[in-house]
Amino acid sequence: MDDDLDQALDAVGPRLRALRKQRETTLADLSSETGVSVSTLSRLESGARRPTLELLLPLAKAYNVTLDELVGAPPTGDPRIHLRPVQRHGMTMLPLTRRAGGIQAYKLVIAPSSPRRDPEPQTHEGYEWLYVLNGQLRVVLGEHDFVMSPGEAAEFDTRVPHWFGAADEEPVEFLSLFGKQGERAHLRARPKQD
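The structure displayed is predicted, hence computed values, not measured ones.

## Comments concerning the packing of aromatic side chains
Phase 1: For the structure on display, the rule yields two aromatic pairs.
Phase 2: Ring geometry for F164 versus F174: centroids 5.4 Å apart, planes at 80 degrees, classification edge-to-face. Highlighted residues: F164 in strand β8 (residues 162–166) and F174 in strand β9 (residues 172–179), separated in sequence by 10 residues. The pair formed by F164 and F174 is uniform in burial state, with each residue classed as buried.

Here it is in structure tokens:
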């Protein structure tokens, strides 16, 4: 472990010098920006001075890099996102967003064996956008009753009574974006070419 630490610290000097050269700045300019003396900066770059957190923090800020980048730290942890599915109203919902408020995104799966066979339209505040990935999605929206296929999208005010479920004996997968009243999905299209 000590050898690994020594190797990582020994590599900081050349990395600092490379960053400074890449940004075409002088030791004097860097000293003015960080408050670290020119001689200390020079000794850090040459490896004559061991880097400390007190010295690396202002340098990371000046170079606009993380401390991990300065010391060449190996990646930590598992970068994969492990979202937990939720079973609700006969659907499996996988949240795709984590932040509170604003537009929320979900991937939903409705199995053909779901209890959601008979429409029971509901209303609530908000606005919803649906996009079918696989299968056939039956949508009841106010007086309308229609089936959506993969690649089709719908957008509606959730104060209109609505319900959706599998249209046949196959599972259906779709994306849902839901936002508070007034938050709508905005699609941008290129103007028609004449």
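Let us keep going from here.
## Remarks on helix α4 (residues 53–63)
Phase 1: All of the buried residues along α4 are L55, L56, L59, A60, A62 and Y63. Each buried residue of α4 sits inside an arc of 160 degrees when the element is viewed along its axis, so together they form one side. Turned more than 90 degrees from where α4 packs its buried face, E54 and K61 sit exposed.
Phase 2: Two residues or fewer after α4 comes N64, characterised by a positive phi angle close to 60 degrees.

## A short note on the sheet that holds strand β7 (residues 153–157)
Phase 1: Strand order across the open sheet formed by six strands is β1-β2-β3-β9-β4-β7, with antiparallel pairing between neighbours. Sheet topology places β1 (86–88) and β7 at the edges, where each strand pairs with a single neighbour. Pairwise comparison of adjacent strand axes, ignoring direction, gives a mean angle of 25 degrees for this sheet.

## Some details on the sheet that holds strand β5 (residues 137–141)
Phase 1: Taken in spatial order, the three strands line up as β6-β5-β8 in an open sheet, and their pairing is antiparallel. Unpaired on one side and paired on the other, β6 (144–148) and β8 mark the two borders of the sheet. In this sheet, neighbouring strand axes are inclined to one another by 20 degrees on average, regardless of whether the strands run parallel or antiparallel.
Phase 2: Relative to β8, β5 runs antiparallel, the two sharing five bridges.

## Some thoughts on helix α3 (residues 38–46)
Phase 1: Taken together, the buried positions of α3 are T40, L41, L44 and E45. Down the axis, α3 shows its buried residues gathered within 135 degrees of arc, on one side only.
Phase 2: Backbone geometry just after α3 places G47 at a positive phi near 90 degrees.

## Here's the deal with the layout of surface pockets
Phase 1: Considering only enclosed or pocket space, the largest pocket measures out at about 610 Å³ in volume.
Phase 2: Taken together, 19 residues make up the lining of the largest pocket; nearest its centre are H89, M91, R116, H124 and F164.
Phase 3: Looking at the lining of the largest pocket, the elements that each hand over two or more residues are β2 (91–95), β3 (104–110), β8 and β9.
Phase 4: For the lining of the largest pocket, the element with the most residues is β8, which contributes three residues.
Phase 5: Across the lining of the largest pocket, the residue classes break down as eight nonpolar, six polar and five charged.

## What to know about empty space enclosed by the protein
Phase 1: As enumerated under the stated definition, the model contains two cavities of 30 Å³ or more in all.
Phase 2: Approximately 30 Å³ is the volume attributed to the second largest cavity.
Phase 3: Around the second largest cavity, the lining residues are L16, L30, L41, L44, E45, L59 and Y63.
Phase 4: When residues of the lining of the second largest cavity are traced back to their parent elements, those giving at least two are α3 and α4.
Phase 5: The element that contributes the greatest number of residues to the lining of the second largest cavity is α3, accounting for three residues.

## Re the pattern of salt bridges
Oppositely charged side chains can form a pair if their charged atoms are brought close together.
Phase 1: For the structure on display, the rule yields five salt bridges.
Phase 2: In this structure, K107 and E173 form a salt bridge, with 2.9 Å as the shortest nitrogen-oxygen distance. Linking K107 in strand β3 with E173 in strand β9, this pair joins segments that are 66 residues apart in sequence.
Phase 3: Put simply, R17, R20 and E45 are held in one network by salt bridges that share partners.

Conventions and cut-offs
In this convention, every chain numbers its residues from 1, walking through the sequence in written order. Two thresholds apply to this predicted model, a pLDDT of at least 70 for residue-level local features and 80 or more for giving and counting side-chain atom pairs, whereas whole-chain, interface and lining totals are computed over all residues. Side-chain metrics in this entry use all non-hydrogen atoms of the structure; hydrogen atoms and water are not considered. Two rings from Phe, Tyr or Trp (for Trp, the six-membered ring) form a pair when their centres sit within 6.5 Å of each other. Planes less than 30 degrees apart are called stacked, planes more than 60 degrees apart edge-to-face, and all others tilted. Helix and strand assignments follow DSSP, with helices taken as H or I runs no shorter than four residues and strands as E runs no shorter than two, numbered in order from the N terminus. For each residue, the accessible area found with a 1.4 Å probe, counting protein chains only, is set against the maximum for its type, and the residue is called buried under 20%, exposed over 50%, and partly exposed in between. By construction, the arc corresponds to the directions joining the helix axis to the C-beta atoms. For two strands to be treated as a pair, DSSP must find at least two bridges joining them. Here an axis means a line fitted to C-alpha atoms, over the contact stretch when the element is a helix, while the angle between two N-to-C directions is reported on a 0 to 180 degree scale. Using a 1 Å grid laid over the protein atoms alone, points where a 1.4 Å probe fits but cannot get out form a cavity; open sets with protein on both sides within 12 Å along at least 5 of 7 lines form a pocket; any residue with an atom within 4 Å of a point counts as lining. Grid points are joined across faces, edges and corners, and a volume is the space filled by probe spheres set on the points. Under the scheme applied, nonpolar residues are Ala, Val, Leu, Ile, Met, Phe, Trp, Tyr, Cys and Pro; charged residues are Asp, Glu, Lys and Arg; polar residues are all the others, including Gly. For this document, the term salt bridge refers to a Lys or Arg side-chain nitrogen within 4 Å of an Asp or Glu carboxyl oxygen.

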